[in-house]
Amino acid sequence: METKTKSNGVAKRQTATVKKEVQNKLTNEAIGKTAVPEKKVTVEKPVINLDERIQKFERLRGLANQRERLTETLNELTKFNYNQDGSSSFYIRDSRHLEFKTTNSNLIKLVTTHLQSTLEQRKSEIEDQIVQFEL
């Protein structure tokens, strides 16, 4: 802005021309002569190196393999048929070859039902991880 000095020595700003410019600008915008420029937003993709991408892919493959094994185990468990006549038996053996064996069909049913629900829950968790996985 320009300043002019009066004869008494006090500086006075010229605001009339500035006000006029602002009024002209607002008028032009109101009637659509000048368009407000839109800001372009550029999103930069993070650079992922090849080794990191391969490691993520291997983790995804591992989750897929776990899901497949769980599905096979659940299918085998579903095929398992325990009868009330005592023809079924349940074995647990540890690393020292100590063994627990039972033919109690109620206990076998309880164990298989609990095992099946645990496997289904784990399968659901792995499926959620696969769905949420990002490469």
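Here the structure is a predicted model, which is why all the values come from computation and not from measurement.

As for the overall build of the chain
- Within the chain one finds three helices and four strands.
- When the helices and strands of the chain are listed from N to C terminus, the series reads β-β-α-α-β-β-α.
- Put simply, the chain has 135 residues, and 9% of those count as buried.
- The contacts in the chain between residues at least 6 apart in sequence include a share of 49% that link residues at least 24 apart.

Digging into the pattern of salt bridges
- With the rule as written, the count across this model stands at five salt bridges.
- A salt bridge links arginine 122 to glutamate 125, with the shortest nitrogen-to-oxygen separation between them at 3.3 Å. You can see arginine 122 and its partner glutamate 125 sitting in helix α3 (residues 105-132), three residues apart, about one turn around the helix.
- Given the relative accessible area of 37%, glutamate 125 is considered partly exposed.

Observations concerning the pairing of strand β3 (residues 90-93)
- The pairing of β3 with strand β4 (residues 99-102) spans four bridges and is antiparallel. Pairing of isoleucine 92 across the sheet is with phenylalanine 100, part of β4.
- Here β3 folds back onto β4, and the loop between the two strands holds five residues, one of which, histidine 97, carries a positive phi near 65°.

A look at the packing of helix α2 (residues 50-79) against α3
- Following both chains from N to C, one finds α2 and α3 inclined at 155°, their axes separated by 9 Å at the closest point. One element, α2, and the other, α3, form an angle in the roughly antiparallel class. Handedness of the crossing formed by α2 with α3: left-handed. Across from Leu60, Leu63, Ala64, Gln66, Arg67, Leu70, Thr71, Thr73, Leu74, Leu77 and Thr78 in α2, the residues of α3 making contact are Thr112, Leu115, Gln116, Leu119, Glu120, Arg122, Lys123, Ile126, Glu127, Gln129 and Ile130.

Some points on α2
- Taking 1.5 Å per residue as the helical rise, α2 with its 30 residues ought to reach 44 Å, and the 44 Å between its terminal C-alpha atoms agrees with that figure.
- Those residues of α2 that sit buried are Leu63, Leu70, Leu74 and Leu77.
- At its buried positions, α2 is contacted by α3.

A look at the nonpolar core
- Counting residues in hydrophobic clusters, the biggest one holds six residues: Leu63, Leu70, Leu74, Leu77, Leu119 and Ile126.
- If you list the elements that add at least two residues to this core, you get α2 and α3.
- Per element, the largest residue contribution to this core is four residues, and it comes from α2.
- If near-sequence neighbours (up to four positions away) are discounted, leucine 74 is found in contact with Gln116, Leu119, Glu120 and Lys123.

Parameters at a glance
Residues numbered from 1 in each chain as written. Predicted model: local features only at pLDDT ≥ 70, side-chain atom pairs only at ≥ 80, totals over all residues. Heavy atoms only, no water. Helix = DSSP H or I, 4+ residues; strand = E, 2+ residues; numbered from the N terminus. Buried < 20%, exposed > 50% of the residue type's maximum accessible area, 1.4 Å probe, protein only. Contact = heavy atoms within 4.5 Å. Salt bridge = Lys/Arg side-chain N within 4 Å of Asp/Glu carboxyl O. Pairing = 2+ DSSP bridges. Axes fitted to C-alpha atoms, helices over the stretch in contact; angles between N-to-C directions. Parallel < 35°, antiparallel > 145°, perpendicular 65-115°, else oblique. Left-handed = near helix turned anticlockwise from the far one by under 90°. Expected span 1.5 Å × (residues − 1). Core = buried A, V, L, I, M, F, W, Y, C linked by side-chain atoms within 4.5 Å.

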